[in-house]
Structures are given as structure tokens and as C-alpha cells.
Amino acid sequence: MLVIIYIIGYGRSGSTKLSQVLENKLGAINLGEVKYLYRDSKDDLLNQYWLTFKSENQDLLEEYSKEIIRFDNLFGFTRWNKREKYREIWEKLFDRVEIDPETDIIIDSSKTTLDSFMRGIYLNYAFNEVYFVKPCRSSLGVFRSLLKGKNSNIEKGEKKPFVRRLLHTLFIGFPHYIVTHLLSLFYSRYECVKVNLDSYEEDIDKFISQLPLKKRNIGTNRKIPLIYGNRSRKER
């Protein structure tokens, strides 16, 4: 059975850091924020691997985009009677990416936003071995991170005026954080390991101890087709 690690994160929660730590410790395949793969407007957030994959598998992704968006968003529960279709679409995608269900571990860090809220729920139904992990960060830490400005600007070395960053944080960034954080609380109904990003080693080891790791590609540090999130990540 394929092992899937789903990161229940929200903006600036540390989900990117957590996914990379787990990737390095497990030699897992880090899919990143998969939602960007099937959105035409988000091509600038895909690395070269996924851009090539997208151009070569347009037929699959056209079907994937039409169906999966309807399942993943906040109102995806209305399609619960069609949940077998969700499994089929994911299996097709995994097959094209050449994921081996017997030996591979994959990480999905799409976060619990309005447009991906139901993803973890449907994944938990579609696959037997789905494990939830949630990064924890104080509200003050999130606020300070938001105050630094947009990730895209930080990567470009651009720094907007402080007043502008403060207003964006107060009226856009922090309210969005509160909404996504409240959405993530829904997943407390599932068995979920919380990871404190300030002292994460012990928490991560505890989470890893729960995984069925026998005969898995542990520690292979396999090259992974990373899908970028809302920031530009350098290839490792």
C-alpha cells in the first residue's frame, strides 16, 4: 500500500520546512502543493520537472483539473457519492509520475485552505495508509513572518515599505491565517501528530515511529519532482 503523509498546514505555519525535513529523513517523494499542478495561472510556481510533465500529460491534467477542484474545495463534501472517481484520478497521476505503491512514501503539503480543505478527507478515504501531521507555530511567530512581506518579494530581494507590509498583514495576511487555522482544526478528528517547529526533532521522530516503514525506500534521498508552493524554493 502507498504511504501518504498529509501536512495539515496553513500559511506561514512551517509546512514547507516540515515537508523538507520529512523528505530528507525518509527519502520520501515530496509532491509539495499539488493544487498548483492543474492550474494554468500558476505555471510560474512549477519547476522544470512539472512543467515538462504538464506539457506531456495535458490530457490527464485536463480531466484531473475539472474533477479534482470540485472535490478539494470547501464544498467538496457535496461530491462524496462520487468519491471512487477521486481515487481513480489520483492513481492515474501517481502512475504517470512512476510512484511505486509498494516502496514509496509521498508527502502532500497542500495545506487546509478554502480550495484544498477536503483533500485530506478524500485522500484518507481513497488510500489505506494516510498519516496526518500538523506543524505548530505561535500566532506571534506567524505575525512576524507575515510582516516580512510576501514570499515572492522576499525571494526577489524586494522589500516594501513597512507601513504597506503592516497594512497587508493586518487586513489580508493575518485574517487569512486565522481562517485557514480554524479550517485546520477540523482535522483534529483524525489521529494527527503535532510538530513544534521550534523543537521539532523529538516530535518528528514520534511521528515517523508510527509509519509502516518496512520495505520502504527509507533514506534513499531520491530526487523528487517538487511542486513549488507560494514561494520560490531552490533545488537541493
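Please read these numbers as outputs of a predicted model, since none were measured by experiment.

(A) The arrangement of the overall build of the protein chain in detail. Looking only at helices and strands, the protein chain features nine helices and five strands. In sequence order, the protein chain lays out its α and β elements as β-α-β-α-α-α-β-α-β-α-α-α-β-α. The 236 residues of the protein chain split such that 50% are buried. Once local pairs closer than 6 in sequence are excluded, the contacts in the protein chain between residues at least 24 apart make up 80%. Total accessible area on the protein chain is roughly 12100 Å²; 52% of this is exposed by carbon and sulfur atoms.

(B) Just the confidence of the model for the protein chain, in detail. Put simply, the protein chain has an average pLDDT of 78, and 80% of its residues get 70 or more. Counting contacts from residues 220-236, a segment whose pLDDT is below 50, to residues more than four positions away or on other chains yields 62 contacts.

(C) Layout of helix H3 (residues 58-72). Between its first and last C-alpha, H3 extends 20 Å over 15 residues, near the 21 Å set by a 1.5 Å rise per residue. Its maximal kink placed at Ser-65, H3 deviates by approximately 30 degrees. Here H3 has its buried residues at Leu-60, Leu-61, Tyr-64, Ser-65, Glu-67, Ile-68, Phe-71 and Asp-72.

About the criteria used
- Residues numbered from 1 in each chain as written.
- Predicted model: local features only at pLDDT ≥ 70, side-chain atom pairs only at ≥ 80, totals over all residues.
- Heavy atoms only, no water.
- Helix = DSSP H or I, 4+ residues; strand = E, 2+ residues; numbered from the N terminus.
- Buried < 20%, exposed > 50% of the residue type's maximum accessible area, 1.4 Å probe, protein only.
- Contact = heavy atoms within 4.5 Å.
- Areas by Shrake-Rupley, 256 points an atom, 1.4 Å probe, with all protein chains shown as cover.
- pLDDT = per-residue confidence, 0-100.
- Expected span 1.5 Å × (residues − 1).
- Bend = angle between axes of the 7 residues up to and from the residue.

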